[in-house]
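# Descriptive analysis of the structure
The chain contents come next:
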Number of protein chains: 2
Amino acid sequence: MSRKTLNPENVPELEAIARQSSADIVTMTTLAASGHPGGSMSTIDILLYIYATANVSPAWKPDRDYVVISNGHVSPAVYCTLAANGFFNRKDAISQFRLAGSIFEGHVEPDVPGVEWASGNLGQGLSAACGFALASRMKKIDNHIYVIMGDGEQQKGQISEARRFAVKYKLNNITAIVDWNKLQIGGNIADVMPQNIQAGYEADGWHVVECDGHNFQSIEATMQEAASIDKPTVVMARTVMGKGVSFMENKAAYHGAPLKPDMLAEALKELEQPNLLEKYKVARSAFVSGKKQCEKPDRLIMNTGKPRTYDSKTDNRSAWGNALVDIADANACPIAVFDCDLAGSVKVNEFAEKHPEGFFQGGIMEHNTAVVAAAMSKAGILSWFADFGVFGVSETYNQHRLSDINKTNLKLITTHVGLDVGEDGKTHQCIDYLGVMRNLYNFNVIVPADPNQTDRIIRYIAKTPGNFLVPMGRSKLECICQPDGNSFFGDGYNFEFGKADLLREGSDAALFVMGTLAGRAVEISDSLAESGISLQVWNASCPEELNCETIRKAAATGLILTYEDHNIRTGLGSIVGEKIAETGLSVRFKISGVEDYAFSGN
Amino acid sequence: MSRKTLNPENVPELEAIARQSSADIVTMTTLAASGHPGGSMSTIDILLYIYATANVSPAWKPDRDYVVISNGHVSPAVYCTLAANGFFNRKDAISQFRLAGSIFEGHVEPDVPGVEWASGNLGQGLSAACGFALASRMKKIDNHIYVIMGDGEQQKGQISEARRFAVKYKLNNITAIVDWNKLQIGGNIADVMPQNIQAGYEADGWHVVECDGHNFQSIEATMQEAASIDKPTVVMARTVMGKGVSFMENKAAYHGAPLKPDMLAEALKELEQPNLLEKYKVARSAFVSGKKQCEKPDRLIMNTGKPRTYDSKTDNRSAWGNALVDIADANACPIAVFDCDLAGSVKVNEFAEKHPEGFFQGGIMEHNTAVVAAAMSKAGILSWFADFGVFGVSETYNQHRLSDINKTNLKLITTHVGLDVGEDGKTHQCIDYLGVMRNLYNFNVIVPADPNQTDRIIRYIAKTPGNFLVPMGRSKLECICQPDGNSFFGDGYNFEFGKADLLREGSDAALFVMGTLAGRAVEISDSLAESGISLQVWNASCPEELNCETIRKAAATGLILTYEDHNIRTGLGSIVGEKIAETGLSVRFKISGVEDYAFSGN
C-alpha cells in the first residue's frame, strides 16, 4: 500500500490553516452558543494532516481512502478540515453550524460531503472502519482507512470487539488515531475511569505508536510507521484540549461549552485571527434551508436467481439459507454474510462452504458485527447479518439505530424469534422484534409466513436498497395453500412490499396474523368453515404498512382479531388497533399475543 | 476477608458428586432432547468446588457470598450443584429440565433457588458481580463474589468495561472463573475469534492465575491465591468440554446438542452410573406445573422527604436532582447513584457532592453501568442510573431487558429526551424511549409534565419496588397551573400511578400529551378558549396505563388528538389509538409526533 508523504515545505501552510481553523472552531461554537470546541481544537492538526496526505477529494472516487470520525462531537474540526480541502464553503459551515435545516449538525452525519459515517454514540467508529476495510478488500481496492477516536471513548467495550475483528481479518490498512488529550467531560480520564489504553490495544494484537499530535512531522513519522507495519496500528496522539488558546488549554470545561463573546475576542487575539462574529451572525440570520444533500450509495444491480417452490414441510430458516446460496451463485460481484457463532442454526453454513471468501465469522461480538456489516453495506457490497432474534435485534438495537441514521443497506435476518425459540427460555425469547424495530424510520420489517414466502422476500430485499429485517421462527412449517390446494406463495406469487395477503375470505370475523402463526390461522379458518363459521385471514407480512383499505375490508365483518407470537403491547395488535382508530370505524376488536415472558419448553 | 478452605478429606466425596452430576447432565439433556451438556461437564467441578467453600446455603442469608452464572446455558451443571447443596430436589431438576411450567429453564433464571442472576445473553455477568460487590460494600458485608464465565464469552466487549469498573472501585472480593475449554459453537475459539484472554485482563489491571479446572486441589490453590491478592482476580480454569465421557471430550458439537438415548447408555457406562432415563421419563410426564417460586428482594422502606413545590420556571432535570438530594438526606440507609460522565447535565452533581459514598462514576461504559446499577437494586440498595435518553434507553435496551427478566428494582432517569435535546442532532434524539421500553413487561414508564410533577414522581418511585423509567427533556418549563392559577401538581397533588391528569376540561376535542408538551397544550387550550373553542387536555404521565374510562370521556368530545415529542409510530399516539379501537368507539382521531429524524438546532 503506497501513501502520499507530507512535503516538509507544506508544513507552514498547514500550520496557518490550523490556526485559522482554531479561530473558526471557537467562532462557530460561540455563534451557535453550543458545541464542543475543546476536543475540536485538540484534534484539528491530526485531521488536517490526514486530509493533506490521504487519497480523498470532493470528487467521488470509488478507490478513495476512508476517514471515519468516531467521536462525532468534534464536528467543528471536521467541518473546518473538509472546507479547507474544498468539500464545501468554509463560511457556510461556520455560519450554519448547529442551525436547524443546515447540514452542519452538532454531531457529524452523512449528508455532509466528505463524512463517511455519522457518529454521536461513541465506540462504533472502529467497527465502521472494519466494514469499510473489508468492503475495499472485496472490491480489490488498495486503500487506507483512518479512524479518529477520543481517548474517553476508549472506555466503550465495543472498541475491544472491533480490535479483535481487525486482527483476525488482518485489516492492516486501518490506522486508528486516538486524540489523547487526557480529558473527558468529568475531568481527567485517569480519575473518571482509569485505563491503560495502549496495553488494551497490544493485548488484542495491535501495533501501538505515540506522537505529538500538534506536530505535523511527528504525526507524519508515526503514520509512515503505521503504514509499513503488517498489523492494524493505533497512533496515540498526545494533544492538548483547547490547544492554541491559553485559557482554554487543558480545561475539561471546554469539552462541551463554547466561549462567551468577550472571551471569544480574547481567544481570537491570541490566535492572531480577525473577529468575524458579527459578520457571521448576519450570514446565519440570512440562512434559508434548502433541500439537504444526500450521498448516493453505490447502486447494486443484483440477479436474484430463480425462486424455489417448496411443497413439503420445512423451516423458513432453511428457505432463507437456500435463497442466499442461489443469489450468491447468480452474481459475479461479491456478497458478504456475517455470523456470530451460530452459522448452523441461522442456516448460513452452506453459503460459508460454497462462498468462503464472502463469509465472515464475527464471534460472540454482536455489537461490532452489526456495525461492520452495516458499514460494508454502505460501501457497495450486498451485506447480510444473520443471528438469533435476541442478538440481532434486542442486543444490537442501538447499532441499527445509528446505521439507520447512516442510511445503510443492511439485510438483517433473524431466526428463533417469538416463543417459537422453544426450550431456550426467557432470555432467548425475541418477542420485541417488531416493537423495537418499528422505532427506526429507515428499517423495514418483513415477516415471512412460510418457506415459499421467505424465498420470495429474501430475493426481493437482495435487489432492493435500504435496511430490512426479516424475522423468522425456528419451527418447520407446512407451506400455506389456497383453498384449492395450490401453494399460496409458490409459483405465480410475486412479493409486493406493503401488501397484506388475504389468505382466506370470510364474513363473520377477520383475523390478522404474521409469521409462523399464519399457517395455523389458515387451519383454524378451514376448520371453522366446516362448522359454518366464516373467518377472514390476513397475513400482514409488512405489518407497519397495513393500509386503510385492508382494515375497511376486515372491519366489514364486524369483528377484527389479531394473534401474534410477539409481545401483545407492541406488535401487530398495536398497529392494527391504531389503524382502526385512524379509519374512525366502529368495529369490535380483540388482540391476542404474548402477555409476559414465557416458560422454557416445547 | 476470610474464606473456608477445602478439606482434602472431602475431595473423594466431591469427585463422586461430580461423576454423578455428569451423569445427571447427560441424562437431563437427553430427556429434554435439548440443552448444553458439553460446557456443563467442563464447568461442573468448578461449580461444586465453589459451593463447597463459599458462604452460601439454601436458607437466605443477608451476608452470603454471591455466585453469578454469566454463561446461563450451563444450567444443567448449576442445577446439579444446587441440588447437591440442598437447594432443591435433584430428581425434580433432572426430570423437569426445560419442561414448560418448571423453574428449570434452559438458561438459569432467578426463580430457581440459589440463582442470583439470570443470564443467556452473554457478557453481562461480570457487571452483575460488580453490582453485588458494591452493594455488599455499602451494606458493610464482608463477603466474596464469584462469577463463572465461558471462554467464548470473553469476546463480548462489555466484559472489558466491567473489568475497568472493578479495578477503579477496588472490588477485590470478586473472583472471576473462566471455563477455559477452548471451544465454542463454531469450533476452536482460536479459529472463531483469536483472543489473548489473559493479556486483556492484565491490561485492565487484573491478577491472572491458571488452574486445572478438573482438579479440586489445583482449583483450591488458585482460589486461595485470588483471595489473598489485593486486586480482582481471574482464574483461567483449563477444562475439557464433555469431560468424563471419552467420545464427548473436546467436541464442539456437544456444546448445544444432547446425546441420543443409545449414546447416553454408553456415556453412563463410562461414568459408572445407572441409566435412569426411563424412570425420569415417567416423572417428567407426571409433572404438574405449580405456582412458580419467586425470590423476595430486600424490601426497602424509604423516607421520601417533604415534596418541593416550584412556582418559577425550571427544568425537570433540576427538580429530579433536588428530590434525589432530599431523599438521600432523609434516609440513613445508603443510596446509590450511577452516572456515565454526564453528571452536570443529568443533575446528579449536588448528590455527588453531598453523598460521595453513594455516587459512582461509570465512565463512558453505559452497558456495564446499566447492569451494575440493576444488580445493586436487587441486593437491597435503592439504586438510580441517570443518563441522556439515547444512552440510558436506546443504547442499553438489552441490558434493561435482562434486568427486567431478573426482576430488579432499577430507577432509571433519562434527560435530554425528545427533540428537546436541542442542537446535538440526530444521534442524540431519544424519540423512542416509550416505543422501546414498552416492550419490557416489568418496567414502568412515567413521564413528568413539569418540575412539580417530576418532584412527586421521583419520590413515588423511590418508595415503590420495581423498575421505573422517568424520561425528561432538557428545557426549562413553566409550572402547569389550574384554570384558577393555582399550581396543578403542587401542594395538595398526590401522584397516583396510572392515573391520567385532566389538565383542562373541554367539549370540542380532547388532546392527549405527555412530558414537555403538557404545558404547551394547556396554553393552547387556554388560548383557544378565548376564541370559544373548548379543548380538553389530558396529561398521560403513565401512557401505558390509560384506561377505558379516560378514553370514553375524551371520545365524548367527538375528536381525539395526540401530540408528542416522540416517534409518532411507537409512542402515545399508538397507545391511544389502540385503546380507542379496544373500546370499540367511533371517534375522529388524529395523531401528531416526530415523523423522521430531525434537524440539529434550537
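Check the entry above for the structure.
Since we're looking at a predicted model, the values are computed, not measured.

This part covers the packing of aromatic side chains. Taken as a whole, this structure holds 40 aromatic pairs over all chains when the rule is applied. Plain terms: the ring middles of F388 of chain A and F391 of chain A are 6.1 Å apart, the flat faces sit at 15 degrees to each other, and that makes the pair stacked. In this structure F388 of chain A comes out as buried when scored by relative accessible area, which is 7%. A relative accessible area of 9% means that F391 of chain A is categorised as buried. Through successive ring pairs, a cluster of aromatic residues spans Y79, F88, F97 and F104 of chain A. When the ring centre of W180 of chain B is taken as origin, the NZ or CZ atom of K182 of chain B, which lies over that ring, is 4.3 Å away.

With that out of the way, let us pick up the side chain of T222 of chain B. Residues and elements named next belong to chain B. In this structure, T222 sits in helix α9 (residues 216–228). Of the residues examined, T222 reaches a relative accessible area of 6% and is grouped as buried. When sequence neighbours within four positions are dropped, the list of residues in contact with T222 reads V209, E210, C211 and V235.

With that settled, the discussion passes to the interface of chain A and chain B. Contact with chain A, which involves 102 residues of that partner, is made by 102 residues of chain B. Taken together, the two surfaces of chain A and chain B that pack against each other cover about 8100 Å², and 52% of this comes from carbon and sulfur. Looking at the side of chain A facing chain B, the largest losses of area belong to Y441, R569 and Y597 of chain A, adding up to 10% of the total buried there. Counting every contact that joins chain A to chain B gives 12 salt bridges. For the interface between chain A and chain B, the tally reads 52 residue pairs in polar contact (both at pLDDT 80 or more). The leading source of residues in the side of chain A that touches chain B is helix α21 (residues 572–583) of chain A, at seven residues. In the side of chain A that touches chain B, the residues fall into 34 nonpolar, 42 polar and 26 charged.

On to the sheet that holds strand β1 (residues 66–69) of chain B. Residue and element names in this part refer to chain B. The sheet built from five strands is open, its strands ordered β1-β2-β3-β7-β6 with parallel pairing. Two strands in the sheet have a free side with no partner beyond their single neighbour: β1 and β6 (207–212). The average angle at which neighbouring strand axes cross in this sheet is 20 degrees, direction not considered. Pairing analysis gives six bridges linking β6 to strand β7 (residues 233–238), with the strands arranged parallel. Bridge pairing links D212 to R238 in β7. Against the sheet, helix α5 (residues 125–138) makes contact with β1, β2 (145–150) and β3 (174–180), and its axis sits at roughly 175 degrees relative to β2, the strand it touches most. Relative to β6, α9 is tilted by about 165 degrees, and along the sheet it contacts β2, β3, β6 and β7.

Okay, the environment of N368 of chain A next. Residues and elements named next belong to chain A. With respect to the helices and strands, the residue N368 is situated in helix α14 (residues 366–378). Each C-alpha atom, one on N368 and one on S160, is 9.0 Å from the other, the two residues being 208 residues apart in sequence. Every residue in contact with N368, bar those within four places of it in the chain, is listed here: S127, Q158, E161, A162 and F165. Separated by 2.7 Å, the side chains of N368 and S127 make a polar contact.

With an axial shift of 0.0 Å and an RMSD of 0.0 Å, the rotation relating chain A to chain B amounts to 180 degrees. Such a combination of turn and shift is consistent with a two-fold rotation axis. When C-alpha distances to the rotation axis are compared across chain A, the minimum falls at G157 of chain A, with a value of 2.0 Å. Mapped onto chain B, 100% of the interface residues of chain A are again interface residues, and the two copies thus contact each other with one and the same surface.

This part takes up the side chain of T516 of chain B. Inspection of the secondary structure assignment puts T516 of chain B in the loop between β17 (509–513) and α19 (517–530). Those residues in contact with T516 of chain B that lie beyond four places of it in its chain are D420, P448, G473, L477 and D565 of chain B.

Because the α-helix completes a turn every 3.6 residues, residues three or four places apart line up on one side. All names here are of chain B. Taken as a whole, helix α11 (residues 277–285) has its buried residues at L277, Y280 and R284. The buried side chains of α11 occupy one side of the element, clustering within an arc of 65 degrees when seen end-on. For α11, the exposed residues lying more than 90 degrees away from the buried face are E278, V282 and S285.

With that settled, the discussion passes to helix α10 (residues 261–271) of chain A. Residues and elements named next belong to chain A. Every buried residue of α10 is accounted for by L264, A267, L268 and L271. Axial view of α10: buried residues confined to an arc of 100 degrees, hence all on one face. Facing away from the buried side of α10 by more than 90 degrees, the exposed set consists of D262 and K269. Looking at the buried residues of α10, the elements they touch are α1 (11–32) and α11 (277–285). Following α10 by one or two positions, E272 has its phi on the positive side, about 55 degrees.

Attention now goes to the nonpolar core. Where a protein is soluble and globular, its nonpolar side chains tend to be buried together. Core analysis: the biggest nonpolar cluster contains 278 residues, and W384 of chain A together with W384 of chain B have the highest contact counts within it. Apart from the residues lying within four places of it in its own chain, the contact partners of W384 of chain B are W320, L324, I327, I335, A336, V337, F338, K411, I413, I458, I461 and A462 of chain B.

Analysis parameters
Residues numbered from 1 in each chain as written. Chains lettered and ligands numbered in written order. Predicted model: local features only at pLDDT ≥ 70, side-chain atom pairs only at ≥ 80, totals over all residues. Heavy atoms only, no water. Phe/Tyr/Trp six-rings, centres within 6.5 Å; stacked < 30°, edge-to-face > 60°. Buried < 20%, exposed > 50% of the residue type's maximum accessible area, 1.4 Å probe, protein only. Lys NZ or Arg CZ within 6 Å of the ring centre and 35° of its normal. Helix = DSSP H or I, 4+ residues; strand = E, 2+ residues; numbered from the N terminus. Contact = heavy atoms within 4.5 Å. Buried area = accessible area lost by both parts, 1.4 Å probe. Salt bridge = Lys/Arg side-chain N within 4 Å of Asp/Glu carboxyl O. Polar contact = N/O pair within 3.5 Å; in protein donor to acceptor, adjacent residues only side chain to side chain. Nonpolar A, V, L, I, M, F, W, Y, C, P; charged D, E, K, R; others polar. Pairing = 2+ DSSP bridges. Axes fitted to C-alpha atoms, helices over the stretch in contact; angles between N-to-C directions. Least-squares fit on C-alpha atoms with pLDDT ≥ 70 in both. Arc of directions from axis to C-beta. Core = buried A, V, L, I, M, F, W, Y, C linked by side-chain atoms within 4.5 Å.

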